[in-house]
Amino acid sequence: PKRSHSVFTNCISATGRIYTDQSGPFLTPSISGNKYIFVICDYDSNFIDAIPIPSRTKEQLVKAYRTGITRLQQRGLTPQFQCLDNEISQLMENEIKSNNITFQLTPAGSHSRNAAERAIQTFKDHFIAGLCSVHPQFPLHLWDKLLPQAELTLNLLRPSRLNPNLSAYNHLHGLFDYSATPLAPPGMRVLAHDLPNNRKSW
């Protein structure tokens, strides 16, 4: 074919939309005291952020929210609009407004309007699949230690909405180097040999 110097571009506007919600209680409290998962779904990158929390008090929700929002802002994503559940505390409302974010409450009985509901179900399915592959003697109270790997592997499978050629993980964190960070199934049982020279007296 004849070569040309034509270049075609397409403009895609970032919406700045995020969706937040929290899951129900896990089967057992974790060793760190966590019982719930606070989920932030960023629409543009399609990234699902799962943050363990010990309770659903307004202080813990604001703390988890602040962690998730800071993580997005540090990676160049500035939330502008937030959709959340049909109730909000004054403390959370003040936190949202301090980040210059407008918000909208989901009408009662219309949970499907909040994309975080679907994100929670997607993350739960992925996390349960990982729990099914752990060693039979894996202590279930360590479940929150598996969240970082579950979040990583899930977002590697989700394409970014702004750039479908990138995964949601790559959109936020850059290229993932499989050679530098090999991924093993979660909850594997391993034997660690401590050399005699490194052992303590007891």
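Reading the values: the criteria
- Residues numbered from 1 in each chain as written.
- Predicted model: local features only at pLDDT ≥ 70, side-chain atom pairs only at ≥ 80, totals over all residues.
- Heavy atoms only, no water.
- Helix = DSSP H or I, 4+ residues; strand = E, 2+ residues; numbered from the N terminus.
- Contact = heavy atoms within 4.5 Å.
- Phe/Tyr/Trp six-rings, centres within 6.5 Å; stacked < 30°, edge-to-face > 60°.
- Lys NZ or Arg CZ within 6 Å of the ring centre and 35° of its normal.
- Expected span 1.5 Å × (residues − 1).
- Buried < 20%, exposed > 50% of the residue type's maximum accessible area, 1.4 Å probe, protein only.
- Arc of directions from axis to C-beta.
- Polar contact = N/O pair within 3.5 Å; in protein donor to acceptor, adjacent residues only side chain to side chain.

Undergrad: Sorry, what's going on with the environment of Phe38 here?
TA: Its place among the elements puts Phe38 in strand 2 (residues 36-42). Each residue touching Phe38, except ones within four places of it in the same chain, is listed here: Thr20, Asp21, Gln22, Asp49, Ala50, Ile51, Ile53, Leu61, Ala64 and Tyr65.

Undergrad: Just checking my understanding: could you explain the packing of aromatic side chains for this structure?
TA: The description of two aromatic rings rests on the distance between their centres and on the angle between their planes. Going through the model one piece at a time under the given rule, you end up with 6 aromatic pairs. Aromatic side chains Phe26 and Phe127 sit 6.2 Å apart centroid to centroid with 55° between the ring planes, which places their arrangement in the tilted category. Linking Phe26 in the loop between strand 1 (17-22) and strand 2 with Phe127 in helix 3 (residues 115-131), this pair joins segments that are 101 residues apart in sequence. With centroids separated by 4.8 Å and ring planes inclined at 85°, the aromatic side chains of Phe176 and Tyr178 adopt a geometry described as edge-to-face. Members of the aromatic cluster, joined through ring pairs, are Phe26, Phe123, Phe127 and Trp143. The ring of Tyr43 carries the charged tip of Arg17 above its face, separated from the ring centre by 4.0 Å. Taking NZ or CZ as reference, Arg161 lies 4.1 Å from the ring centre of Tyr43, over its face.

Undergrad: Quick question: what am I supposed to make of helix 1 (residues 58-74) here?
TA: Residues that lie three or four places apart on an α-helix share one face, since the helix turns once every 3.6 residues. The terminal C-alpha atoms of helix 1, which comprises 17 residues, lie 24 Å apart, in line with the 24 Å expected from a rise of 1.5 Å per residue. Those residues of helix 1 that fall on the buried side of the exposure criterion are Leu61, Val62, Ala64, Tyr65, Gly68, Ile69 and Leu72. An end-on view of helix 1 places all buried positions within 165° of arc, on one side of the element. Relative to its buried face, helix 1 has exposed residues pointing more than 90 degrees away, namely Lys63 and Gln74.

Undergrad: Teacher, can you tell me more about the environment of His171 here?
TA: Residue placement: His171 occurs in helix 5 (residues 168-173). Through-space distance from the C-alpha of His171 to that of Ser160 is 6.6 Å; in sequence the pair is 11 residues apart. Not counting chain neighbours up to four residues away, the residues in contact with His171 comprise Asp44, Ser45, Leu77, Ser160 and Leu162. A distance of 2.7 Å separates a polar atom in the side chain of His171 from a polar atom in the side chain of Ser160.

Undergrad: Would you explain helix 2 (residues 90-98) in this entry?
TA: Three or more residues of helix 2 are buried, namely Met92, Glu93, Glu95 and Ile96. Along helix 2, the residues classed as buried sweep out an arc of 160° about the axis, all on the same side. Exposed side of helix 2, more than 90 degrees from the buried face: Gln90 and Ser98 are the residues found there. Buried residues belonging to helix 2 abut helix 1, strand 4 (81-84) and strand 5 (102-105).

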